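Here's the letter readout for the chains.
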Amino acid sequence: MHNSHSHHSTQANQSEDGQTGTSQLGHHGHQDHKEGDPGNHDSHSGHDKHAGHSPEMFKQRFFVSLILTLPILYFSLQLQSWLNYEAILFPGANWISPILGIALYFYGGWPFLQGAWHEFQSKIGMMTLIALAITVAFIYSLAVSLGLEGKPFYWELATLIDIMLLGHWVEMASVQGASKALEELSSLVPNEAHRMRDGRVEDVPVSEIQAGDVILIRPGEQIPNDGEVIEGNTSVNESFLTGESKPVSKAVGDEVVAGSVNTEGSVQVTVTRVGDDTAISQIMRLVEEAQSSRSRYQALADKVAYWLTLIAIAAGTLTFIVWLTLEDLVFAINRAVTVLVITCPHALGLAIPLVIANSTSLAARNGILVRDRDALERAKDIRIMAFDKTGTLTQGKFGVQNIATDRMESEQALAIAAALETASEHPLAKAIVEAAHQRQLEFPQMREFQTITGRGVEGKVQGQTYRLGRPEWVKEQSLQLPSSLRSALDRADDRGESAVVLMTSDHPVAVISMADQVRERARETIDRLHEMDIQAVMITGDAEAVARGVAQDLGIDRYYARVLPEDKVNRIKALKQEAPTAFAGDGVNDAAALLEANMGLAIGAGTNVAIESADLVLIEDDPLDAVKALNLAKKTYSKMIQNLFWATGYNVVAIPLAAGVLSAWGVVLSPAVGALLMSLSTVIVAINAVMLRRAKLA
């Protein structure tokens, strides 16, 4: 069982650092960021050895080194004997390899020497191994060129440096590729906005727009700032935010967000948030923090890499001593260098960061924002999924559930009820009007309309007086409820639904029952959880009957009714005693419960991304995204384990081979082949991580 407070320790400091609500978003993992290196996306990988490096730098060094390697290969005595040719000889020809070897060691090998120097100051790792291997090969070869007895290692040194540079170039390009999600997001915001001043439209840079300005957005344009529509109607594509490509209609009073695309009409918008406060900036920050924060598995990989480095140095030294007693110096150095190279915990350094980078961008594409990446690792253990009811499993607004009638068609009853309620602002009245609109009913003409306080409304339709109101009003009018309507009222009572009765002056004609409407995808969500063997629990402040109705409707395992916001925390605590528990709520009054759960999911955060208490923020109002998040977590975890297994397991075979255990049978690996194998393991780990992008979460 996880201690829920450990993963939220950041929350405590956030309020103290005096920052505003928006920029206070989780400081997870910022200690890993390179100082003064904001543009360095590679640091997201938790890959500190690459401070200040870029794929371009490795690419350039690789190609220059490759050109310098060709003459060394040509003049190599070993290659001449293998390929059966003789190199051209001229005065000073035997100095070509040493001179190019020096150039290669200092130019191609510089990133590794520099990395090793940094590691010596903190903690030795893979850069130390690479630097050690190339330095041993270089110094020994140079000594031979200057008169020491033996065979030089120039071609091994050159090919080793080339393959290392190639490996790092591929690795960094893939890490940067995973961080492209951020660049794609930032490109969504236009540079210019059309500001309205005194009836005139002026084009100004987006950076000059202030909150409160009115901007014009024409069809086909991207929206530059978050704001509220004050004039016009349109549809907007918000797929970057929600993953849903269906345009969302916007009318006066609706909110629009920066980065979305205006597809239909021109609208005027009052700007509400600018710069770092916009939803898209907050999403970018969340993605960035998630990619740069370290996970427990990253810490584990780093620890393994450290021990692997020590094992490599010990194994290399032992190999050297053993072979020195059995064979010549050249063979001994060759074996030792190959051991150092093949054991480089390179794949380990990449195993976790690449999975993380890919999983966070996959999550962002599916409308899931990862605030605390450890949550993805905790999610695999979740056995209970608790939901807040209102606003999470239900829409938080009333809808007509049932219409029971006597001596009248249900559609006619609904149309008359809607005509009576058209002008009312009451939630039940709105539900009746909306249900009539959805069924495209014609409202009859209403005359002599009046409101009867505490009872309901009345009016005349086609000469007949109709009343619509509380069931108690029937008794007050001395009318009798027919048995069909009586049982409809009892059923509504049982389910905790609110019912109104429609009557004429001499008899009741319909009972319309209403309830908070269950979200479309809530049923599917509960079914999916059951398939995954996860218990679904509902926690609500509503009455017992309401809770029971929704729980039965959705097939929820158990529910807790009449739970006050402050008691939700205790409910979650109790559930955690049984099994690891996730809690999904709308984040408004669920903050404490979200913090208490092993994993907190804020649902429907939409544009209000800065939800401090959740581990994962689900942008849409769709409870099915909670299932997606659990699936993402499981897939991420299994990729991490696969990569760790691959990156460490390969050494079990590789180290003995490199040390020359099979040399009696003619199986001997050269340092270059060792480097190739090492690079291959890195590439496999990278490809395995990238496969995560194709995962289907739904």
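The name given to the chain in an unreviewed UniProt entry is Copper-translocating P-type ATPase, with Leptolyngbya iicbica LK as the source organism. Turning to the chain, the UniProt record has this under Sequence similarities (unreviewed entry): "Belongs to the cation transport ATPase (P-type) (TC 3.A.3) family. Type IB subfamily."

Novice: Describe the pairing of strand 9 (residues 267-273), naming the residues involved and giving the relevant values.
Specialist: With four bridges joining them, strand 3 (residues 214-217) and strand 9 adopt antiparallel strand pairing. Bridging from a neighbouring strand, Val-214 pairs with Thr-270 of strand 9. Direction of pairing for strand 4 (residues 226-231) relative to strand 9: antiparallel, over a ladder of five bridges. In the sheet register, Gly-227 faces strand 9, and the bridge partner there is Val-271.

Novice: Please give an account of the layout of surface pockets that cites residues and values.
Specialist: Estimates place the volume of the second largest pocket at around 860 Å³. Looking at the second largest pocket, it is lined by 34 residues, and the ones nearest its centre are Ser-76, Leu-77, Gln-78, Lys-151 and Pro-152. Contributing elements (two or more residues each) for the lining of the second largest pocket: helix 2 (55-75), helix 3 (77-83), helix 4 (96-107), helix 6 (126-145), helix 7 (154-178) and helix 12 (329-342). For the lining of the second largest pocket, the class distribution of residues is 20 nonpolar, nine polar and five charged. Summarising the domain contributions, the lining of the second largest pocket has at least three residues from each of domain 1 (55-186) and domain 3 (287-360 + 634-694).

Novice: Can you tell me about the sheet that holds strand 20 (residues 581-585), naming the residues and giving the values?
Specialist: Read across the sheet, seven strands follow the order 10-22-21-20-11-18-19 without closing on themselves; strand pairing throughout is mixed. Two strands close off the open sheet at either side, each with one partner strand: strand 10 (368-370) and strand 19 (558-560). Across the sheet, the axes of successive neighbouring strands diverge by a mean angle of 20°, strand direction being ignored. Here three bridges tie strand 18 (residues 535-539) to strand 19, and the two strands are oriented parallel to one another. Bridge pairing in strand 19 links Ile-539 to Tyr-560. Across the face of the sheet, helix 24 (residues 624-659) comes into contact with strand 10, strand 11 (384-388), strand 21 (599-603) and strand 22 (616-618) while running at roughly 140° to strand 22.

Novice: Give a detailed account of helix 17 (residues 427-438), specifying residues and quantitative values.
Specialist: Between its first and last C-alpha, helix 17 extends 16 Å over 12 residues, near the 16 Å set by a 1.5 Å rise per residue. Along helix 17, the residues classified as buried are Leu-428, Ala-429, Ala-431, Ile-432, Val-433, Ala-435 and Ala-436. Of the residues flanking the end of helix 17, it is Gln-440, one or two places downstream, whose phi is positive at about 55°.

Novice: Give me the sheet that holds strand 5 (residues 234-237): which residues, what numbers.
Specialist: In space, the three strands of this open sheet follow the order 6-5-8, with antiparallel pairing throughout. Of all strands in the sheet, those with a lone pairing partner are strand 6 (248-250) and strand 8 (261-262), marking the two edges. Pairing geometry for strand 5 and strand 8, over two bridges, is antiparallel. Paired with Val-236 across the bridge in strand 8 is Asn-262.

Novice: An account of the side chain of Ser-76 is requested, with residue identities and associated values reported.
Specialist: With respect to the helices and strands, Ser-76 occurs in the loop between helix 2 and helix 3. Ignoring any residue separated from it by four or fewer positions in sequence, one finds Ser-76 in contact with Tyr-85 and Trp-155.

Novice: Outline a nonpolar patch on the surface, supporting the account with residue identities and numerical values.
Specialist: A grouping of Trp-646, Val-673, Leu-677, Leu-680 and Ile-684 is seen on the molecular surface, where their side chains present a nonpolar patch of about 390 Å² in accessible area. The element best represented in the nonpolar patch is helix 25 (residues 671-690), accounting for four residues. Relative to the elements of secondary structure, Trp-646 occurs in helix 24.

About the criteria used
- Residues numbered from 1 in each chain as written.
- Predicted model: local features only at pLDDT ≥ 70, side-chain atom pairs only at ≥ 80, totals over all residues.
- Heavy atoms only, no water.
- UniProt positions renumbered as here; feature names shortened; annotations may be inferred.
- Pairing = 2+ DSSP bridges.
- Helix = DSSP H or I, 4+ residues; strand = E, 2+ residues; numbered from the N terminus.
- 1 Å grid on protein atoms, 1.4 Å probe; cavity = no way out; pocket = protein on both sides within 12 Å on 5 of 7 lines; lining within 4 Å.
- Points joined across faces, edges and corners; volume = space filled by probe spheres on them.
- Nonpolar A, V, L, I, M, F, W, Y, C, P; charged D, E, K, R; others polar.
- Domains from an automatic or database assignment.
- Axes fitted to C-alpha atoms, helices over the stretch in contact; angles between N-to-C directions.
- Contact = heavy atoms within 4.5 Å.
- Expected span 1.5 Å × (residues − 1).
- Buried < 20%, exposed > 50% of the residue type's maximum accessible area, 1.4 Å probe, protein only.
- Patch = residues over 30% accessible without salt bridge, like charges linked within 9 Å, V, L, I, M, F, W, Y side chains within 5 Å.
- Areas by Shrake-Rupley, 256 points an atom, 1.4 Å probe, with all protein chains shown as cover.
- Salt bridge = Lys/Arg side-chain N within 4 Å of Asp/Glu carboxyl O.

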